[in-house]
Amino acid sequence: MTDKIKNPSDATGISRRTAIKTLAVGAGVVATTGTIPGLLRPNQAFSAEPIRIGFQVHRTGIGAAYGRWYDRTTEAVVKRINDEGGINGRPIEIVAEDDGTDPKRGAEVVEKFANQHKCDIAFGTLFSHVVFGSAPRAGELKIPYFVVSEGHHVASGKLNRYTLQPGITDVKSQVEAMAPFISENLGKKVTMIYPDFAFGHDHRDYFSTAFENQGGTILEKIAIPPTETSFTKYFPKIPRDTEVIYHVMVGPAVLTFVKELGEFFGPSRPEIFGFIDSLEAVDMASPGLEFLDGTYFWEGNPRYAQADQTEFDKAYREAVGVDANGASISDSKDVSTYAHMFGCWETLYVVKAGMEASGYKGPEDRQKLIEAVESMSEMPHSFEHPQGAKLFNGKTHQAFGHQYISKVEDSKLVLAHTTSIEDTLYEDEVDYTKQAF
Amino acid sequence: MEFGPYLFIASLEGAITAAVLALTAVGLSIVFGIMRVVNVAHGEFFMLGAVIAWWITSLVGGHPAYGFVAALIIAPILVGILAIVCDHLVLRRINYDPERTIVATIGLLYVIQQTTLMTFGPEARPVEAPFNKRIALPWFEHTEQGFALTWPWGLSTTTYKLAVIGAAVFILILLWVLMTRTKFGLIMRATQLDSEMAQAHGIPVNRVYAMVFGLGAGLAALGAVLIVPIQQAHYLMGGDPLLLSFIVVIIGGLGSVVGTIVAALFIGMSDGIISVFFSPTLAKIIATLAVAFVLVFRPQGLFGKPER
Amino acid sequence: MSTSLKSFLLHVFVLCLLAVLYFVVSEYHSGNLARILVMAVYAMGYNVLFGYTGLLSLGHALFFASGMYGLGLSIEHLGLSAAPALVVGFISAFIVAAVIGFLALRTSGVAFMIVTLMFAQAGYLTILLAGKYTRGDEGFVIQQGDRVIAGIDLSQADNRYFAALLLFGVCFLFIAWLVQTRFGKTLVAIRENPERARMLGYDIQRHKLLAVIISGTLAGAAGAAYALLFGYAGATFSTVQYSIYPLLWVLLGGAGTTIGPLIGTVFMTYLIDISSEYTSAYMLIAGLALILLTLFAPHGFAGLIRKKLFSWLP
């Protein structure tokens, strides 16, 4: 939908009373709770034409919990950039449209940005099947497509010169960087549990290779079908001599998964290492999660404000409206997708830097914008990059950065280890700069 | 894990799946059997049950059991009323035409799902079980000293899961009493056999249909309230129960409540037990194909009468 | 003017109109239309089975995906060029439809719905299981360089549109012809009264099987065309949702009419596209629209036209 990015509380601050009233009224809801259309009117201070950024957002479908926070983060960063004077003196205008977390609709939305809304760039996709479905169209329509997906799709070379991922690291680098920590601190015999999705297969392939290089063994790989809602029946497949369970799950059933894992092991669990994707947007204090105390998680960006919080994280957290526990300021039960959403913030700052470096004026300068971004390399830890320093690889169109490992203590995630950027690097698989525009 | 305990735990999980399936499907079965319509929105009534349970438990303070009991009573009633309204506004007006009912209930599905997304939100939200204690289960092993009781690693379940099985059995018995021992049950069965004849005998068929539709939805919601402490409420959770109960109803044989329950057992248990022998996704494929082939070779379902 | 002449002229008119539209509407809408034409082929295929034969399948996504992966995998892993890969796509859908049809037609009514649903679900899971080749849910891109037939680059807007129109036109005229034939009329007879059709000496099973095969192959053609024209194949297209879409499009447009599937696809696509500009609750609007349509236009748009305007509508 093409609405303006509004006050975040509008989208969520619906009281339970309204909730039930609306459930009953049913048909009347479009007017009362559906987001009201319109465009973000930038500050009066701007006289220049805005830069239009098409925001492909998962508002419905399986990605909706992520989409809502991507929405809020984008709104916050756009406000900040516009307050600072915009890009080349021009304000940003976000044209947001829901893709239903569906690759067909995703492609349609990209077409709409390019041809109907006359956007300068498209931005913001998370789920990798939507990226795959949309990227070919972005390439054909020659519209720069900045994804915030953490998939390995961009760096794998399967997409095209118009698709970039400068604001979030990819799954391959994340997973490989975990191997040394796990083998040195948790154990050498690992059982992996992951969804039978391409995303899960990436974990399986990249982690097992990296872990075996560290001298570890993968005892068992348990791929769970995505349609599954109960998990206990698969846990007996975990070998008895497992020292570490490595888990990554996505979708609404993740909480069940973690709970049942706890119930299965009872008091005698092995070490457990998980990807926070399993519990993004889920309150760590939810009933049944107590057993996670003492286990470890990869975090893209630490959800809980740490003791040595940087001023960058502080400013970013405040701007997005997230409290020290990673939940919305207005509703402590509304937990953010903190490990991923910073990507929206950082990506738009990369876009700003790229547009300013290339003197971007309009769609005719799109190639110059891509070349400007391709020529970027170091991105220091700053207000623009609150998650940490990044190293951008112009050839593979992919950013690399620090990864965080946290331990659960009293239902909070406490940072235990930060990897170096070097730990996350791997050999280039593509050189997009050699491809024609 | 040893094979024996593994099979045992998988069967136990299968039994839980079966219990929930039976509860969800029996509502669809009644609607299907009596009104002869496929209610595509059935899964959404299930979802609403879970969502309302979350809402009620988060309003009621104190021990989680208070909220849960309140939800057990209120959620099915609210959902039942909503279903009766839908019946009145839509289904009755299209005369329960099978094809048009499918489209209309798909429309209803979209409306309910989207409304829930906009009010309840996209997150999966947990509901605390009234009681939930992990119990390690014993196993008999033949050792040199004869049979001995052992407590194998990982062999466990929770009190709540066992209670769900018990509750499902109890509710199904109640339903059986309602269908066979009460006047309302008699009227329902009369309508099922021949609605025109029932009408001729002064049975207000339209009202019976509305009640049946509400009862079916209420049963789905009841199943959801029972399962939500295990599974969490989520606005897309209705899809699976819909497909599964639909399958259960057909496998069981149209309109046969006993068949529905046997089919729920068959599907729940096979899902659990097949998972012991194959990798998870392959097990799902085999379980799915098993359902297809049961129907290919017995199109009338397990308990249905063959078409003449 | 005879009915068949009128019908012929109508079909030619629709095709001409679609050809002209490309030059009239904006680039965005012509791009949308290209996709709609492909999906309308899917809906027309569905209509052969549902609208004309009276068999409601809930598993057509399997046929769509067979075409899509037949083409996609043979380009990706066998290194075929687009034209032979397209043929592979058609043949895959043909074979899958024949096998599923053979098995599923032992059942009828709701059991048929479940059996097709189950086979499609097994197909979806198989695509995930074979993630090494299919990349599962994520799917894979069919590179621009592989999407060329006889020197025509199908990733270009104009080529894509007319390729889609060509496929649509062929299927559209084929179905218009098919329903006039003895075979097509027999299908309708089976839909209306299978007992009577049997008594008249028709081999019902053979007719139904042929209908499944035609229907499935058309669905597969649409799937292959989607992958070829839009450069992507993924498991999403084999999910239940994509089995329900053609049912909706056909019911909305008018089941058992040649033009209904096109109308339904256009209507549904634009309903979502336009309402999504105003509210994120577009599924709610779509839902209400469906309910209202069933209340007030029970036989779809084409049914309404047939009733109010042209009773000869094929």
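Residues numbered from 1 in each chain as written. Chains lettered and ligands numbered in written order. Predicted model: local features only at pLDDT ≥ 70, side-chain atom pairs only at ≥ 80, totals over all residues. Heavy atoms only, no water.

K.L.:
Before we go on, may I ask you to explain the interface of chain C and chain A in this structure?
P.N.:
One widely used convention gives an interface's size as the accessible area the parts lose upon coming together. The interface is formed by 44 residues belonging to chain C together with 42 residues belonging to chain A. Here chain C packs against chain A, burying approximately 3700 Å² in sum over the two surfaces, 54% of which is carbon and sulfur. Summed over the shared surface of chain C and chain A, the number is eight salt bridges. Here Asp 273 of chain C makes a salt bridge to Lys 112 of chain A, at a shortest N to O gap of 3.2 Å. Connecting chain C to chain A are 13 residue pairs in polar contact (both at pLDDT 80 or more). Listed by contribution, the elements that provide at least two residues to the side of chain C that touches chain A are α2 (27-52), α5 (109-129), β1 (140-141), α10 (204-230), α11 (240-253), α12 (260-278) and α13 (282-296) of chain C. Here the element with the most residues in the side of chain C that touches chain A is α2 of chain C; it accounts for seven residues. (Contact = heavy atoms within 4.5 Å. Buried area = accessible area lost by both parts, 1.4 Å probe. Salt bridge = Lys/Arg side-chain N within 4 Å of Asp/Glu carboxyl O. Polar contact = N/O pair within 3.5 Å; in protein donor to acceptor, adjacent residues only side chain to side chain. Helix = DSSP H or I, 4+ residues; strand = E, 2+ residues; numbered from the N terminus.)

K.L.:
In this structure, what is going on with the pairing of strand β2 (residues 92-98) of chain A? I would like to understand it.
P.N.:
Two faces belong to every sheet, and in a regular strand the side chains alternate between them. All names here are of chain A. With seven of seven residues buried, β2 lies mostly within the body of the structure. Judged from the seven bridges that link them, strand β1 (residues 51-57) and β2 form a sheet pairing that is parallel. By the bridge assignment for β2, Ile 51 is matched with Ile 92. (Buried < 20%, exposed > 50% of the residue type's maximum accessible area, 1.4 Å probe, protein only. Pairing = 2+ DSSP bridges.)

K.L.:
Explain the nonpolar core to me, please; I cannot follow it from the model alone.
P.N.:
Nonpolar side chains tend toward joint burial in soluble globular proteins. One finds Ile 182, Phe 207, Tyr 246, Phe 273 and Leu 279 of chain A together with Phe 168 of chain C to be the most contacted residues of the largest nonpolar core, which totals 298 residues. The dominant element in this core, judged by the number of residues it contributes, is helix α1 (residues 3-35) of chain B, at 17 residues. For Leu 279 of chain A, the residues in contact, after removing those within four places along its chain, are Leu 255, Val 258, Met 284, Leu 289, Leu 292, Phe 297 and Arg 303 of chain A. By size, the runner-up hydrophobic cluster in this structure holds 44 residues, among which are Phe 55, Ile 92, Phe 146 and Tyr 162 of chain A. (Core = buried A, V, L, I, M, F, W, Y, C linked by side-chain atoms within 4.5 Å.)

K.L.:
So what exactly am I meant to see when it comes to the interface of chain B and chain C here?
P.N.:
Across the boundary between the two partners, chain B contributes 37 residues, which contact 38 residues of chain C. The largest contributions to the chain B side of the interface with chain C come from Val 103, Tyr 110 and Val 296 of chain B, which together make up 18% of the buried area. Counting across the interface, chain B meets chain C through two residue pairs in polar contact (both at pLDDT 80 or more). Broken down by secondary-structure element, the contributors of at least two residues to the side of chain B that touches chain C are α3 (64-91), α4 (98-119), α9 (239-252) and α11 (280-297) of chain B. At 13 residues, the largest contribution of residues to the side of chain B that touches chain C is made by α4 of chain B.

K.L.:
Got a minute to help me understand the packing of aromatic side chains in this structure?
P.N.:
Where two aromatic rings form a pair, the distance of their centres and the angle of their planes describe that pair. All chains considered together, the criterion is met by 47 aromatic pairs over all chains. One aromatic cluster in this structure is built from Tyr 42, Phe 64, Tyr 226, Phe 230, Tyr 232, Phe 237, Tyr 242, Tyr 245 and Trp 249 of chain C. A cation over a ring is seen here: Arg 125 of chain B above Phe 120 of chain B, with NZ or CZ 5.1 Å from the ring centre. (Phe/Tyr/Trp six-rings, centres within 6.5 Å; stacked < 30°, edge-to-face > 60°. Lys NZ or Arg CZ within 6 Å of the ring centre and 35° of its normal.)

K.L.:
Any chance you could explain the pattern of salt bridges here in plain terms?
P.N.:
Residues and elements named next belong to chain A. Under the defined criterion, the tally for this structure stands at 40 salt bridges over all chains. Residues Arg 161 and Glu 374 are paired through a salt bridge, measuring 2.7 Å at the closest nitrogen-oxygen approach. Taken together, the residues Arg 161 in the loop between β4 (145-146) and β5 (163-164) and Glu 374 in helix α12 (residues 366-374) connect sequence positions 213 residues apart. Assessed through its relative accessible area of 9%, Glu 374 is described here as buried.

K.L.:
Sorry, what's going on with the domain arrangement of chain A here?
P.N.:
Residues and elements named next belong to chain A. Annotation of chain A at the domain level lists domain 1 (8-169 + 338-401) and domain 2 (171-299 + 402-424). If you look at the interface, domain 1 gives 17 residues, while domain 2 gives 19 residues. Across the domain 1 to domain 2 interface the summed buried area is about 1400 Å²; carbon plus sulfur atoms make up 51%. Contact with domain 2 buries area across many residues of domain 1, yet Glu 150, His 152 and Gly 401 alone supply 35% of it, more than any other trio. Inspection of the region where domain 1 meets domain 2 yields zero salt bridges. The tally of links between domain 1 and domain 2 comes to 10 residue pairs in polar contact (both at pLDDT 80 or more). Elements represented by at least two residues in the side of domain 1 that touches domain 2 include exactly α4 (64-83), α11 (338-358), β12 (390-393) and β13 (398-401). Considering each element in turn, the side of domain 1 that touches domain 2 owes the most residues, three residues, to α11. A per-class count over the side of domain 1 that touches domain 2 returns eight nonpolar, seven polar and two charged. (Domains from an automatic or database assignment. Nonpolar A, V, L, I, M, F, W, Y, C, P; charged D, E, K, R; others polar.)

K.L.:
Just to check I follow, could you spell out the packing of helix α7 (residues 171-185) of chain A against helix α8 (residues 198-213) of chain A for this structure?
P.N.:
Helix-helix packing is described using two parameters, namely the angle between the two axes and the distance between the axes. Residues and elements named next belong to chain A. Contact geometry of α7 with α8 gives a least axis separation of 8 Å together with a crossing angle of 40°. What the angle tells us is that α7 and α8 run oblique. Judged by the twist between their axes, the crossing of α7 over α8 is right-handed. Between α7 and α8, the residues in contact are Val 171, Lys 172, Val 175, Glu 176, Met 178, Ala 179, Ile 182 and Ser 183 and Asp 202, His 203, Tyr 206, Phe 207, Ala 210 and Phe 211, respectively. Across the contact of α7 with α8, the residue classes break down as nine nonpolar, two polar and three charged. (Axes fitted to C-alpha atoms, helices over the stretch in contact; angles between N-to-C directions. Parallel < 35°, antiparallel > 145°, perpendicular 65-115°, else oblique. Left-handed = near helix turned anticlockwise from the far one by under 90°.)

K.L.:
How should I be thinking about the confidence of the model for chain C in this particular structure?
P.N.:
Across chain C, the average pLDDT comes to 91, with 100% of residues at 70 or higher. Predicted as a complex, the structure gets a pTM of 0.87 and an ipTM equal to 0.88. (pLDDT = per-residue confidence, 0-100.)

K.L.:
Just checking my understanding: could you explain α1 of chain B for this structure?
P.N.:
Structural remark: α-helix, 3.6 residues per turn; residues separated by three or four positions point the same way. Residues and elements named next belong to chain B. The end-to-end C-alpha separation of α1 is 46 Å, in line with the 48 Å expected for 33 residues at 1.5 Å each. In the structure, α1 departs most strongly from a straight axis at Ala 25, where the bend amounts to approximately 25°. Across the 33 residues of α1, 28 count as buried, placing the element largely inside the fold. Positive backbone phi, at 60°, marks Arg 36, one or two positions downstream of α1. (Expected span 1.5 Å × (residues − 1). Bend = angle between axes of the 7 residues up to and from the residue.)

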